[in-house]
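Chain and residue survey
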Amino acid sequence: MHKQFTDDALLLMRHEIEAAGGNEVFFIGRTNVEGIVWEVEAIARGNRQAVPAIITRAACGDVVIHNHPSGDLTPSPADMDIASVAGNQGIGFSIVDNGCTRCYQVVSPFTEQKGELLSLEEIGRVFAGDGMMANLKGYEQRDEQVRMALNVAEAFNHDRVALVEAGTGTGKSLAYLVPAILWAVRNNQRVVVSTNTINLQEQLIKKDLPFLAKNSAVDFKAALVKGRSNYACLRKLENAEAEPSLFPDESAAELTAIIEWSKSCQNGCRSDLSFTPRHAAWEEVCCEADQCGRSRCKHFGRCFFYRARRDASAARVLVVNHALLLSDIVLRRETGYDATAILPPFSRLIFDEGHHLEDVATSHLSLVISRGAILKQLHRLVPQKAGRAGLLTIISTRLARDLPDSMEALYTELSALLESHLLPKAADLGHLTEQTMDWLALTLEQETGNGTGREQKLRITPPVEQGAFWQECRQRLHSLADGLNDYTQALRSLLRRSEDLPDRLREKLADQLLDTGGIEGRLQAMADGLQFFSASAEGYCRWMETSRGSRGVQARLCAAPLDISGQVKETILDRIKTIIVTSATLTVGGDFAYLKERTGFGLLPKERLTELRLASPFDYASQVFVAVPEDMPEPSAPGFRQALEERILRAVTIARGGAFVLFTSYDLLNKVYSSLAPDLARLGLTALKQGETGRHALLARFRTEHNAVLFGTDSFWEGVDVKGDALRLVIISRLPFQVPTEPVQQARAEQIQAKGGDPFREFSVPQAVIKFRQGFGRLIRSRDDRGAVLILDRRVTTKGYGRTFLRSLPDTPLVTGDSGEVFKRMEEFFTPPVSSAS
């Protein structure tokens, strides 16, 4: 059976057959890339008249399954009729016994073959001036878009990895969607499209895919896939309503509102709520993998998450974000392709906004442990506040009340575990956690010589490891890890012995035992993390950081991999047949070398990797004025801030607002904003600052004001699309180098140097160039846009590495000189030409 079904699929079929009283049940099974049924859905019970409808719901590659209550798996004439219809559509048909221990496969499902190759000629016709794309308003055939589409098609045809840098205006999303959809439909394979920003996700789901669905001759289904934590858990909601004492008082009102909403909502997705719940409240009721009973949960059939997942299983194009994709891939690496994975099985991937790959992969392979994270789990088990219920207190009370006298020995054993160990030692372990992490936070401030409340970071280097502070720190972390290990061992004993409880009592305690098991796994992961952090951890950067807030100084322990290229190759590049990585900013100075070195593409065989650079079709030479005032002080020189403020004010006066002023630090941003806001108000310009309100609200106001000056940092350098006259000036305050003292940045630079490389030119400069290009790219978003980019960091012209920045920009003249000359030329650019009298 395990050659045909996963354990979870078998469990669900048994459950549904039992619920039907052993009568006939018809299922649709979804297969993975190995042809194994990994997910099943009960469609009809005891009604053969429903079979035609079942087959219309099944897709090529699926399997229709039903049980023979008699145990005789010989196909009946009616079975053979079903098998004939199913087989003609590539749908498999199997018969099982009621216990799902035996299976007779009447017809095998369609499995992935070599594949129907895409016709390059057909794809070319789609993008022709009189082709399907002509239905797109304002469509003009662009050679760059056609070249990209053909390159993507070749990658699908030959199982290749393609790196495609497509300049702004190429139309890259349609260039990859057309071949992806044709491949998915004709070869019955899923294609996953991953993005970094919500803006691009919304463009794909609300604009590009609906256009293709309406205008193409191909019938396909696409779905936006969200992570588990976006969905409310019906089991947790039921418990929250029945046991309100389990949850903090401050969450009560929001939890009540969420419970009422869940009773009438369709999708159970957080984004559908009429209000934005606090993180702590939503976390109490959201779906989580380690606290999910899956097919054993009584709510499984109505589960919001699994309903969405079944919809995704039926789709051939899945749109996800990078965080979800990497979470899924890491989970598959740890557990294999089973039902705990988030996405349905897939073997073709498009990674848009691909310049984020290293950062996203690093984040998902990193470790963070905090005081609050440990205490939160302990307090779920045994609350700190009197009068509040906890998972272990509920289990203890129900055991004492409901366990039969005939099971006295089991009660004695479980009671001893709870009353003598788990309940009292939760408080002890909580105190040990507080003592350890509080000592760490205060001592770390002393070690770094700073008590001002600003965030402090200390990287664990060989010199630090030789000091007395690290020796005591290791000892304390080992003691905390030992305490957690001892506690999780007792939790595992409780869970293991609870399997011997009578069925009825075990069913009553199912929710509490499931949640306790999830918490045990989290506490064990923290214990393992503490031991990892205090060991040598070769290949990782380890650091401690502190910050002050309303609860005083808090410490976190962090670790991140130095080189993710090998893990990316092993978990992504080697497992997925076709991968398209695209962005407007993949290269540095016209070369993919940096991307290939940092993210593993350079480890691939040369014949499997293709590279394509496509320039933007926009006429930057006439649309953009780019200038560098050469009389600016360098950023580290005295007087830089004053000079910066003077030139920002002069530039926004000339442009009459409509400006993004991009910074690399909040500190400088806040000082410059505070200084210039009164002057901008006197000029009638609206000053906006990142952090005043949400990003979307800030952008909406910027678009409508037309005279706004927006001061922004990281999140405004990219992923922001303001077309038209609302944005006509981008000011880059300084080249966007990463802070060299950031632990990961510092450790990676040292690793490059140890290998004989130049970390500044091989690492720091390429990072900054990519971000610089993103900032530059905010200005021109269409053929009709026009504006100026003012670079107020003269190092771009005075330093040797500055040429790398300039070579990475579109082909446009660069105006240099003193500020007087630069601003005179800028005034001329913004002054409309005087039309001659007729």
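Residues numbered from 1 in each chain as written. Predicted model: local features only at pLDDT ≥ 70, side-chain atom pairs only at ≥ 80, totals over all residues. Heavy atoms only, no water.

**As for the overall build of the chain**
Our working rule: Strands here are runs of E lasting at least two residues and helices are runs of H or I lasting at least four, both read from the DSSP assignment and numbered beginning at the N terminus. Radius of gyration here uses only the C-alpha atoms, and the compact-globule reference equals 2.2 Å multiplied by the residue count raised to the power 0.38. Buried, partly exposed and exposed residues are distinguished by accessible area as a fraction of the type maximum, computed with a 1.4 Å probe on protein chains only: under 20%, between the cut-offs, and over 50%, respectively. Here, residues are in contact when the closest pair of their heavy atoms is within 4.5 Å. All accessible-area figures derive from a Shrake-Rupley calculation using a 1.4 Å probe, and residue coverage is judged against the displayed protein chains alone. In this charge count, Lys and Arg are treated as positive and Asp and Glu as negative; neither His nor the chain ends contribute. The location of each charge is read from NZ of Lys, CZ of Arg, CG of Asp or CD of Glu.
When helices and strands are tallied, the chain shows 31 helices and 23 strands. The globule rule puts the C-alpha radius of gyration for 838 residues at 28 Å, and the 30 Å found for the chain is close to it. Each principal axis of the C-alpha atoms in the chain carries an extent, and together these give about 100 × 70 × 55 Å. In the chain, buried positions account for 55% of the 838 residues. A separation threshold of at least 6 residues defines the contact pool for the chain, and within that pool the share at least 24 residues apart is 76%. For the chain, the accessible surface area stands at approximately 36300 Å², while carbon and sulfur atoms represent 48% of it. Computed over 99 positive and 105 negative side-chain charges, the inter-centroid distance for the chain is 2 Å.

**Focus: the pairing of strand β9 (residues 317-321)**
Along any regular strand, the residues point their side chains to alternate faces of the sheet. Rule in force here: Two strands make a pair as long as DSSP finds a minimum of two bridges between them.
By the criterion of burial, β9 is predominantly enclosed, with four of the five residues buried. Where strand β8 (residues 222-224) and β9 come together, three bridges link them in parallel fashion. By the bridge assignment, alanine 223 is partnered in β9 with leucine 318.

**Observations regarding the nonpolar core**
Grouped burial of nonpolar side chains is what soluble globular proteins tend to show. Selection rule: To form a nonpolar core, buried Ala, Val, Leu, Ile, Met, Phe, Trp, Tyr and Cys residues must be joined to one another through side-chain atoms within 4.5 Å.
Counting 54 residues, the largest nonpolar core has Leu392, Tyr487 and Met544 as its most contacted members. Those elements that provide at least two residues to this core are β11 (367-370), α14 (371-381), α15 (391-402), α16 (408-448), α18 (468-498), α20 (510-534) and β14 (552-561). Examining the composition of this core, we find that 13 residues originate from one element, α16, more than from any other. Setting aside residues up to four positions removed in sequence, leucine 392 forms contacts with Leu381, Val382, Leu418, Leu422, Leu423, Tyr487, Leu491, Leu494 and Thr516. Within the second largest apolar cluster, 42 residues are counted, among which are Val152, Phe156, Val178 and Leu182.

**Things to note about empty space enclosed by the protein**
Applicable threshold: Cavities and pockets are defined on a 1 Å grid built over the protein atoms alone: a cavity is a set of grid points where a 1.4 Å probe fits but cannot escape, while a pocket is an open set with protein on both sides within 12 Å along at least five of seven lines, and lining residues are those with an atom within 4 Å of any such point. Grid points are joined across faces, edges and corners, and a volume is the space filled by probe spheres set on the points. Each residue gets one of three labels, nonpolar for Ala, Val, Leu, Ile, Met, Phe, Trp, Tyr, Cys and Pro, charged for Asp, Glu, Lys and Arg, and polar for the others, Gly among them.
Applying the stated criterion across every chain, the model contains eight cavities of 30 Å³ or more. When its volume is computed, the largest cavity comes out at roughly 120 Å³. Taken together, the residues that form the lining of the largest cavity break down as eight nonpolar, three polar and three charged.

**Quick notes on the pattern of salt bridges**
Applied cut-off: We define a salt bridge as a side-chain nitrogen of Lys or Arg found within 4 Å of a carboxyl oxygen belonging to Asp or Glu.
Inspection of every chain in the model, using the stated rule, returns 52 salt bridges. With a closest N to O distance of 3.1 Å, glutamate 472 and arginine 476 form a salt bridge. On the criterion of helical spacing, the pair formed by glutamate 472 and arginine 476 is a turn pair, its members being four residues apart in helix α18. Connected through salt bridges with shared partners, the residues Arg30, Glu41, Asp62 and Arg310 form a single ionic network.

**As for the packing of aromatic side chains**
For clarity, the cut-off: Pairing of aromatic rings covers Phe, Tyr and Trp, the last through its six-membered ring, and needs centres within 6.5 Å; plane angles under 30 degrees mean stacked, over 60 mean edge-to-face, and all others mean tilted. Only lysine NZ and arginine CZ atoms are considered, and such an atom sits over a ring when it is within 6 Å of the ring centre and within 35 degrees of the ring normal.
Going through the model one piece at a time under the given rule, you end up with 22 aromatic pairs. Centroid distance phenylalanine 625 to phenylalanine 829: 5.7 Å. Interplanar angle 35°. Geometry classified as tilted. Taken together, the residues span a long stretch of sequence, with phenylalanine 625 in strand β17 (residues 624-629) and phenylalanine 829 in helix α31 (residues 819-830) at a distance of 204 residues. Centroid distance phenylalanine 660 to phenylalanine 702: 4.9 Å. Interplanar angle 50°. Geometry classified as tilted. Here phenylalanine 660, found in strand β18 (residues 659-662), pairs with phenylalanine 702, found in helix α26 (residues 695-705); they are 42 residues apart in sequence, far enough to count as distant. The same class applies to phenylalanine 660 as to phenylalanine 702, namely buried. Ring pairing ties together the aromatic residues Phe737, Phe760, Phe772, Tyr801 and Phe805, which thus form one cluster. A cation over a ring is seen here: arginine 310 above phenylalanine 300, with NZ or CZ 5.7 Å from the ring centre. In this structure, arginine 786 packs its charged tip against the face of phenylalanine 829, placed 3.9 Å from the ring centre.

**Quick word on the sheet that holds strand β22 (residues 787-791)**
The condition that has to hold: Orientation is described by axes fitted as lines to C-alpha atoms, over the contacting stretch for helices, and by angles from 0 to 180 degrees between their N-to-C directions.
Pairing is parallel across the open sheet formed by seven strands, whose spatial order is β19-β20-β18-β21-β22-β17-β23. Each edge of the sheet is formed by a strand with only one pairing partner; in this case those strands are β19 (686-689) and β23 (814-817). Looking at each pair of strands side by side, their axes are set apart by 15° on average, direction ignored. In terms of strand pairing, β17 meets β23 through four bridges, oriented parallel. Paired with valine 628 across the strands is threonine 816, a residue of β23. The sheet contacts of α26 involve β18, β19 and β20 (708-712), and relative to β19 the element is tilted by about 160°.

**Thoughts on the environment of valine 360**
Its place among the elements puts valine 360 in helix α13 (residues 357-364). Residue classification places valine 360 among the buried residues on the basis of a relative accessible area of 11%. In contact with valine 360, other than residues within four places in its own chain, are Asn196, His322, Ala323 and Leu326.

**Points about helix α11 (residues 304-314)**
Along α11, the residues classified as buried are Phe304, Phe305, Tyr306, Arg309, Arg310, Ala312 and Ser313. For α11, the elements touching its buried residues are β1 (25-31), β2 (37-45), β8, α8 (234-242), α9 (252-262) and β9.

**A short note on the packing of α15 against α16**
How we decide: Here roughly perpendicular refers to angles of 65 to 115 degrees, roughly parallel to angles under 35, roughly antiparallel to angles over 145, and oblique to all remaining angles. Note on convention: the crossing is left-handed when the near helix lies turned anticlockwise from the far helix by less than a right angle, right-handed when the turn is clockwise.
Contact geometry of α15 with α16 gives a least axis separation of 11 Å together with a crossing angle of 150°. Classified by the interaxial angle, the pair formed by α15 and α16 is roughly antiparallel. The hand of the α15/α16 crossing is left-handed. In this structure, α15 contributes Leu392, Thr393, Ile395, Ser396, Leu399 and Ala400 to the contact, and α16 contributes Tyr411, Leu414, Leu418, Glu419, Leu422 and Leu423. Residue classes in the contact of α15 with α16 are distributed as nine nonpolar, two polar and one charged.

**Digging into the confidence of the model for the chain**
As a reminder of what qualifies: Per residue, pLDDT captures the predictor's confidence, and it can take any value from 0 to 100.
For the chain, the average pLDDT comes to 90, and 95% of its residues sit at 70 or higher. Taken element by element, the predicted model of the chain shows its lowest mean pLDDT in helix α2 (residues 51-57) (67) and its highest in strand β15 (residues 578-583) (98).

**Side note on the sheet that holds strand β13 (residues 540-549)**
The sheet built from four strands is open, its strands ordered β11-β14-β13-β12 with antiparallel pairing. Across the chains shown, the open sheet's two edge strands, defined by having one partner strand only, are β11 and β12 (456-459). Sheet twist, expressed as the average angle between the axes of neighbouring strands with direction ignored, equals 20°. As paired elements, β12 and β13 share four bridges and run antiparallel to each other. Each bridged residue has a counterpart across the sheet, and for lysine 457 the counterpart in β13 is glutamate 545. Together, β11 and β14 form the strand contacts of α14, whose direction differs from that of β11 by roughly 70°.

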